[in-house]
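Fold and geometry: a report
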Amino acid sequence: MTSVEHHGTAGPTLPQKLLRLNWPLVVLIVLVAGIGFAMQYSVADGSVDPYARKQMIRFAVSFVGMLVVAMVDIRFWRGTAYAFYGVSLLLLVGVEVAGSVGMGAQRWIDIGPIRLQPSELMKIALVVALARYFHDLNPRRIRHVFTLIIPLMMIAVPAALVVKQPDLGTAVLLASGGIVIMFLAGVSLWFFALLVASLGGMVYAIFISKGQDWALLKPYQYDRIAVFLNPELDPRGAGYHITQSKIAFGSGGAMGEGYLQGPLSRLDFLPEKHTDFIFTVLGEEFGMVGGLVLLGLYMVVLLFGLMTAMRIRHLFGRLVAAGVCMTFFAYFAINMAMVMGLAPVVGVPLPLVSYGGTSMLVLLFGFGLLLSAQVHGKVTFPRRGTVL
Amino acid sequence: MAMRRYRNEHDRSVFSRRSLVLFGAQGALATALGARMYQLQIIEGEKYAARADRARIRPSLLAPVRGQIISRDGKPLAVNRHNYKVVLYREETEDIEGTLDQLSALIPLPPLRRKALAEEIRRTRAFLPVVIAENLKWDEFAEVNANAPALAGISPELGLTRHYPEADFTGHLVGYVASASERDVERAGKDGSLLKLPGMRIGKSGVERVEEIALRGKAGLSRVEKDAHGRPMQELERREGTPGEDLTLTVDMDLQKYAMQRMGEESGAVVVMDIYDGDVLAMASTPGFDPNGFVLGLSQKDWLSLRDNEKKPLNNKAVSGLYPPGSTFKMVVAMAALEAGLIGPGHSVYCGGHIELGSHRFHCWKRGGHGTVNLHEGIKQSCDVYFYDIAKRLGIDRLAETARKFGVGVLPEIGLVDAKAGTMPDTAWKRAYKNEAWYPGETLHAGIGQGYVTGSPLQLAVMTARIANGGFEVHPRLVRARNGDRVKTRSLRGTGIDKAHVEAVKRAMYGVVNESGGTARRSRIAMPGYEMAGKTGTAQVRRITTAERAAGVFKNEDLPWERRDHALFVAFAPADDPRYAISVIVEHGGGGSKVAAPIARDVLLKLQFPKEIPEGAIPQGAAPVFTVEKEDEEDGSEDA
């Protein structure tokens, strides 16, 4: 059996693969999505329209997509990794060009009825491309500093494009996902020491460039940071979101006001309550218990994901799986920190719970890759170390 | 192959180690998130819950219905009248201009008002009403009402406004209400937010002001949940307030109206009070003003014409006008001298027309003098020399002590904020206020109610009432009942004046009106049992120079209005068993006997014969009693 997997191009049959699938993880994902449906139902004042129904349909489509992706041999995904990355990068440049022509902050491309956000696509594309890079890398060269320039560029270029959109949250998400892959790939710890130092320098540069001609961030991003650091600065304007969110969240107390009973959510005090601030609604209606349950579920998903990754026999699969987990973690950690006033309002959705098509699709595509790596955890790749 | 496997195993162990480190770091961050939840929801949860309630629940006060004021005889004096208004809700109409065009066909909407409205509508939030027109006539309102379904966004609504049916006749007494000023709000303390409610009015003068707290009632409370935009969603709690007290005044509207009309064009005041319970039966101050104008808002022009009128229609002269009492003060001087044991009722003084004090000569009003006069004749004929003489010997301090017992120089406890205390001077007063010694000559002036002595018509009525009731300290009052429950009268305290002394003075006052030689004999009431007893007074407002006195004192008719004497008269009736006291002051009216006494006679007749004054109530040849042509009963206006 093992030998077949090792050598055979004739892999396991589809039913075998399905059986092998990490079903507990799949169930957990459905569970989290279910919480999302319940919250979408609640923010619409106890109605499946306009959010919950659409969200369920999107989830169903994405879920099937995830299973399909999981069934495809992981070697196929390695093969298409750079192409995927390249297309995503082109689309990112595309919105940049279209954005400079059109509105100030263009983040999507309309392809027929689908509204595609290339930055979302890039989150997974970057993971896959970096995983391939390190997988293909001659192991002897991983200690060379020079070999790290290419992955750094692979991270920096899309991150810079996304910052320009401007979408600080996604940029942070991209960068952290990329760095984590480098970390797990075994890059020297000195590199990370250096990275932390230079990041510190960059933050410093961002702050001193404020108000200069060469300001690194848009004024509203500075505002968001300033208001994040001191929300009372502008209680009616930029600080309004954070303040209202903290009030609504805090008023939930231990047990919450009850499902469909969150007063501030119902009374329109919360901005973006169906998307970025859905966790506030959950906090108001289910209290700390509800918040901890969701956080716990997320952490269990993360743990299952990482444990799955560790069991994969090839570096590409491990890195893809871990990268997806990291992206997932970054999503919910940043979103929760944001609505609880621990991070600036950066526009990162709560994974599987916030209303929104692209992020759901992309995230489940990522989980599909993770599952594909898991299902095909023992396959061998033709050659390793051929590049560089 | 082995090498590759080794590398792979090495990679895997690095990956696993680092994965665990990563998961540890993520776990730490997740713990931080959990801790933040604990901080926001458990530690600070109560604070945020309170802030959430404050953000969404707006308590709003419900204005209580203001108490009504009626007269002793049940006539409404201050009522709440339906205010028919039309409001617009912007969010309910797509074409505001079109709606207003349609509306202007039904009610008058001048272009200027339209322009102001457009601005107001623009500024007001879409779901809040804008008052398009108020105080509409019933038929206009009915028309809008009938067409309301076709008028998108238009809603006919009913409010309340204060209305004073007796208008000018009770303007000073009842007062009026208006929107609270910032100072009112400040002074009201925790009731301030109630005063700020739109449409809320508070008493600004008269009884409306004095009884403000009672009339206002207690505010109700409504707790309304509103959304982030301020749109009301649902009422969570409603506690109705307590309506204000309905007040019944002591004033008899028939008499009040009669007194006001009797004064006619004159500027002055009439106060009638019950000498035992202090009920003020009439408190007229002329000219009057219509308080309704102040409720709706007075135009600048009307306000200025009221303010600048030389007859000061806005002043309640009955309580705030201060006049030298003149000869009406002589009873008090007489009683002071009797009390001091200085004179007996039989004490006589020779009047040769003047008295000397040092180098000054003090004149009697009667050139040539009265000859020898006793107390009775002195009051009856109002001999100045008699009172110069006893005042001089009495001294100002002993005079002031007695005068205060009769309310002269003492603030009447009537509550009206504009009531004044007047002045009863003595040596201490002069030192305190003028920083000067008292001159003996000033005592002589005080002895005939001139000089520094001043009092309001109300104080003169109180003084007269205390004489009439035999020297008891009666206090005037305006409120007879609250919510229909009678207000207990104060028990009468004696002033300590010897009853015999009061009686002597009362007999002399009888003489003033009813005996030959009395200064007010022409104004007597001839009906036995209804006679009045009184005292005339003429208060000089100018100085008569020696030259003028030598050439003959000018007659009042020859002087400009503002330099003529004030005419005064105080009286009580019935003379033998008194019950009512009256004071009349006609500013610059001339002599008290000629101008003020006939007014007192007519008012007392009206009081004693409310239906019809019988034939023979007045002697043959006397001036006829003033009567008002019967007017039609006012229309049954829709009072709430």
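The preceding data block contains the structure.
Definitions and cut-offs
Residues numbered from 1 in each chain as written. Chains lettered and ligands numbered in written order. Predicted model: local features only at pLDDT ≥ 70, side-chain atom pairs only at ≥ 80, totals over all residues. Heavy atoms only, no water. Helix = DSSP H or I, 4+ residues; strand = E, 2+ residues; numbered from the N terminus. Rg over C-alpha atoms; globule rule 2.2 N^0.38 Å. Contact = heavy atoms within 4.5 Å. Areas by Shrake-Rupley, 256 points an atom, 1.4 Å probe, with all protein chains shown as cover. Lys, Arg positive; Asp, Glu negative; His and termini not counted. Charge placed at Lys NZ, Arg CZ, Asp CG, Glu CD. Phe/Tyr/Trp six-rings, centres within 6.5 Å; stacked < 30°, edge-to-face > 60°. Buried < 20%, exposed > 50% of the residue type's maximum accessible area, 1.4 Å probe, protein only. Salt bridge = Lys/Arg side-chain N within 4 Å of Asp/Glu carboxyl O. Pairing = 2+ DSSP bridges. Axes fitted to C-alpha atoms, helices over the stretch in contact; angles between N-to-C directions. Buried area = accessible area lost by both parts, 1.4 Å probe. Polar contact = N/O pair within 3.5 Å; in protein donor to acceptor, adjacent residues only side chain to side chain. Core = buried A, V, L, I, M, F, W, Y, C linked by side-chain atoms within 4.5 Å. Parallel < 35°, antiparallel > 145°, perpendicular 65-115°, else oblique. Left-handed = near helix turned anticlockwise from the far one by under 90°. Nonpolar A, V, L, I, M, F, W, Y, C, P; charged D, E, K, R; others polar.

As for the overall build of chain B
Assigned secondary structure in chain B consists of 24 helices and 21 strands. For 640 residues, the compact-globule estimate of 2.2 N^0.38 gives 26 Å, and the C-alpha radius of gyration of chain B, at 37 Å, exceeds that figure by more than 25%. C-alpha atoms of chain B, sized along the principal axes, occupy 155 × 60 × 50 Å. Here the contacts in chain B between residues at least 6 apart in sequence split such that 73% fall between residues at least 24 apart. Accessible surface, chain B: about 30000 Å² in total, of which carbon and sulfur atoms supply 50%. In chain B, the 88 positive side-chain charges and the 83 negative ones have mean positions that sit 7 Å from each other.

Focus: the packing of aromatic side chains
Taken as a whole, this structure holds 31 aromatic pairs over all chains when the rule is applied. With centroids separated by 5.7 Å and ring planes inclined at 25 degrees, the aromatic side chains of Tyr259(A) and Phe286(A) adopt a geometry described as stacked. With Tyr259(A) in the loop between helix H11 (238-251) and helix H12 (263-266) and Phe286(A) in helix H13 (residues 278-311), this pair connects stretches of sequence that are 27 residues apart. Owing to a relative accessible area of 29%, Tyr259(A) belongs among the partly exposed residues under this scheme. Aromatic pair Tyr84(B) and Phe141(B): ring centres 4.6 Å apart, planes at 35 degrees, arrangement tilted. Of the two residues, Tyr84(B) is situated in strand S3 (residues 76-89) and Phe141(B) in helix H5 (residues 138-147); the sequence distance between them amounts to 57 residues. For Phe141(B), a relative accessible area of 5% puts it in the buried group. Taken together, the ring pairs in this structure connect Tyr298(A), Phe328(A), Phe329(A), Phe332(A) and Phe367(A) into an aromatic cluster.

Describing the side chain of Glu166(B)
All names here are of chain B. Mapped onto the elements, Glu166 comes out in the loop between strand S5 (154-163) and helix H6 (171-174). There is no salt bridge for the buried Glu166, and the closest opposite charge comes from Lys257, which lies 4.5 Å off by N-O distance. Among all residues touching Glu166, those that are not within four sequence positions of it are Lys75, Pro76, Leu77, Met253 and Lys257.

A few points about the sheet that holds strand S11 (residues 268-274) of chain B
Residues and elements named next belong to chain B. Taken together, 5 strands build an open sheet; the order of strands is S12-S11-S21-S20-S19 and the sheet is antiparallel. Two strands bound the open sheet, and with one partner strand each, they are strand S12 (280-286) and strand S19 (533-539). Geometrically, the sheet is characterised by an average inter-axis angle of 5 degrees between neighbouring strands, direction not taken into account. Where S11 meets S12, 6 bridges bridge the pair, whose relative direction is antiparallel.

Quick look at the interface of chain A and chain B
Taken together, the 56 residues of chain A in the interface contact 39 residues of chain B. Contact between chain A and chain B buries roughly 4200 Å² in total, counting both sides, with carbon and sulfur atoms accounting for 69%. It is Leu267(A), Met288(A) and Met310(A) in chain A that bury the most area against chain B; as a group they hold 15% of the surface buried on that side. Linking chain A with chain B are 0 salt bridges, by the criterion used here. At the junction of chain A and chain B, the tally comes to 7 residue pairs in polar contact (both at pLDDT 80 or more). Looking at the side of chain A that touches chain B, the elements with two or more residues in it are helix H8 (168-185), helix H9 (189-208), H11, H12, H13 and helix H14 (315-339) of chain A. The biggest single contributor to the side of chain A that touches chain B is H13(A), with 14 residues.

Let's talk about the pattern of salt bridges
Residue and element names in this part refer to chain B. Evaluation of the coordinates by the stated rule reveals 44 salt bridges over all chains. Among the salt bridges present, the one from Arg56 reaches Glu225, with a minimum N-O distance of 2.4 Å. Pair noted here: Arg56 is in helix H2 (residues 45-56) and Glu225 is in strand S8 (residues 220-226), with a separation of 169 residues, a long-range link. The exposure class of Arg56 is buried, given its relative accessible area of 13%. Using a relative accessible area of 2% as the deciding quantity, one classes Glu225 as buried. Arg262 is the salt-bridge partner of Asp602, the closest N and O atoms lying 2.6 Å from each other. With a gap of 340 residues between them, Asp602 in helix H24 (residues 592-608) and Arg262 in helix H11 (residues 253-263) connect regions that are remote in the sequence. Across the pair, exposure class does not vary: Asp602 and Arg262 are buried alike.

Notes on unusual backbone geometry
Look at the link from Asp49(A) to Pro50(A): it is a cis peptide, with omega at 5 degrees. Secondary-structure assignment places Pro50(A) in the loop between helix H3 (23-43) and helix H4 (52-71). A cis amide bond, omega -5 degrees, links Thr286(B) with the succeeding residue Pro287(B). Mapping Pro287(B) onto the fold places it in the loop between S12 and helix H12 (292-296). Unlike most non-glycine residues, Asn135(B) shows phi in positive territory, near 50 degrees.

Overview of the nonpolar core
Phe134(A), Phe279(A), Leu294(A), Met336(A) and Phe367(A) are the most contacted members of the largest nonpolar core, which has 137 residues in total. Considering every element that reaches this core, the biggest residue donor is H14(A), with 20 residues. Excluding anything up to four places from it in sequence, Met336(A) contacts Phe279(A), Leu294(A), Leu295(A), Tyr298(A), Leu350(A), Leu33(B) and Met37(B). In this structure, Met283(B), Ala391(B), Val505(B) and Ala539(B) belong to the second largest nonpolar core, which totals 130 residues.

Comments concerning the packing of H8(A) against H9(A)
Residues and elements named next belong to chain A. Where H8 contacts H9, the axes come no closer than 10 Å and their chain directions differ by 155 degrees. It follows from the interaxial angle that H8 and H9 lie roughly antiparallel. The chirality of how H8 crosses H9 is left-handed. Residues Ile179, Met182 and Phe183 of H8 touch H9, and the partners they reach there are Leu189, Phe191, Phe192 and Leu195. Of the residues in the contact of H8 with H9, the class split is 7 nonpolar, no polar and no charged.

Topic: the sheet that holds strand S1 (residues 57-62) of chain B
All names here are of chain B. Across the sheet, 3 strands lie side by side as S1-S8-S9; this open sheet has antiparallel pairing. Looking at strand neighbours, the two that pair on one side only are S1 and strand S9 (232-239), the edges of this open sheet. Strand-to-strand twist in this sheet, taken as the mean axis angle between neighbours without regard to direction, amounts to 25 degrees. The sheet contact formed by S8 and S9 spans 6 bridges and is antiparallel. Looking at the pairing, Arg223 lines up with Glu237 of S9. Running over the sheet, H2 touches S1 and S8 and is turned about 50 degrees from S1.

Some remarks on the environment of Gly534(B)
Residue and element names in this part refer to chain B. Position of Gly534 among the secondary structure elements: in strand S19. The sequence separation of Gly534 and Gly511 amounts to 23 residues, and the corresponding C-alpha distance is 8.4 Å. Setting aside anything within four residues of it in sequence, one finds Gly534 in contact with Met509, Val512, Val513, Phe569, Val570 and Ala571.

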